[in-house]
Amino acid sequence: MSKTPWLITVLRPTYGALLNRRHRIIRKNFEIIPSEGPFLVIGNHVHTLDPLFISAATPFHINWVAGRYLFKFPFLGTVLGKGIGAIAKQQGKSDMYTIRMIREKLSQGEVVGLFPEGTRTWDGNTLPIPDAMAKMIKLFKVPVVVFHFEGAFGARPRWALRRRKGPITLHAVNVLDPADYGRLPTGELTALLNRELFFSHEVWEESCQIPYTGKNRAEGVEDVLFTCPTCSSFSTITADGNGIRCTSCHAAWELDSFDVAQGVSEGAQTLSLADWHEKDRVHFF
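Described in the following lines is the structure provided in the data block.

Calculation rules
Residues numbered from 1 in each chain as written. Predicted model: local features only at pLDDT ≥ 70, side-chain atom pairs only at ≥ 80, totals over all residues. Heavy atoms only, no water. Axes fitted to C-alpha atoms, helices over the stretch in contact; angles between N-to-C directions. Helix = DSSP H or I, 4+ residues; strand = E, 2+ residues; numbered from the N terminus. Left-handed = near helix turned anticlockwise from the far one by under 90°. Contact = heavy atoms within 4.5 Å. Pairing = 2+ DSSP bridges. Phe/Tyr/Trp six-rings, centres within 6.5 Å; stacked < 30°, edge-to-face > 60°. Buried < 20%, exposed > 50% of the residue type's maximum accessible area, 1.4 Å probe, protein only. Disulfide = S-S within 2.5 Å.

## Topic: the packing of helix α4 (residues 96-107) against helix α5 (residues 131-140)
No. 1: At their nearest, the axes of α4 and α5 sit 10 Å apart, and the two run at 35 degrees to each other. Along this stretch, α4 crosses α5, giving a crossing that reads as right-handed. Between α4 and α5, the residues in contact are Ile99, Ile102, Arg103 and Leu106 and Met136, Leu139 and Phe140, respectively.

Here you go:
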């Protein structure tokens, strides 16, 4: 199993325990996780603290792949590199150094964690994974533990200025065996990874009906909503407290604790933020 750095040994029972309590972390299906390394840990990326949530909840150390820009900050770079054994990755580019470092960690029987999407979702739906990720995973020939972060988007959407209160479940959904996925062509493995990793916060929320409560829930939503669904005006959406408003037609909505924009003015359609964002995406892209 991974050699745990001294910093993690100190932080897990202190800061890690506090993190678990503060964010109401729930572990689900952890019994399927291999008892020892090497293996990869992958998950849908929805929250800034995703790596910390898993690291605090698991008994083994995970060497996380992190954006290279984070290592440019003197203190943070030292903590990431020497303190917790993180591996630098240049976002959006092929990085042979990263591949070599991952392979080195795995060859030593350690555990490596990464987020194949490369960035956090804006609407709670997992982003597509490129073929390059499947090619890289095939190189390592180790088990792949797939996690879903259930409720983490509700607790703090990427666009939100404040966190909300509600549980976060770390769900180990599957372990992919290299004897099985190693025989797949790259395209088929990419499709498999996309199926295994895909998670929709909206669909999950509809089935669970877990509210994520807090003040000023709508603030920051202008970063993800571009057009008014009532008058189709562009860049006219503003938010204040729990309210959303179009400055052009004055349509208004109230954002509830399930991230559904409830129409409160005449002609304002009730729709989820994920559906609103998808309409914008289809319109512009």
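And the narrative resumes.
## Side note on the sheet that holds strand β9 (residues 243-246)
No. 1: Across the sheet, which stays open at both edges, the five strands sit in the order β8-β9-β10-β11-β12 with antiparallel pairing between neighbours. Both outer strands of the open sheet, β8 (237-240) and β12 (271-272), are each paired with one neighbouring strand and no more.
No. 2: Of the strand pairs in this sheet, strand β10 (residues 252-255) and strand β11 (residues 260-263) are connected by three bridges, and their pairing is antiparallel. Residue pairing across strands places Leu255 opposite Ala261, the latter belonging to β11.

## Regarding the packing of aromatic side chains
In this description, an aromatic ring pair is defined by two values, namely the gap between the centres and the angle between the planes.
No. 1: For the structure on display, the rule yields six aromatic pairs.
No. 2: With centroids separated by 6.1 Å and ring planes inclined at 45 degrees, the aromatic side chains of Phe115 and Phe149 adopt a geometry described as tilted. Of this pair, Phe115 sits in the loop between β5 (111-114) and α5 while Phe149 is found in strand β6 (residues 144-150), placing the two residues 34 residues apart along the sequence. With respect to burial, Phe115 and Phe149 carry one shared label: buried.
No. 3: Connected via pairs of aromatic rings, a cluster forms that spans Trp64, Phe115 and Phe149.

## Section: the state of the cysteines
No. 1: Under the counting rule described, the total for this entry stands at zero disulfides.
No. 2: There is no disulfide at Cys246, and the cysteine sulfur nearest it, in Cys228, is 3.6 Å away.
No. 3: Among the residues examined, Cys246 registers a relative accessible area of 0% and is labelled buried.

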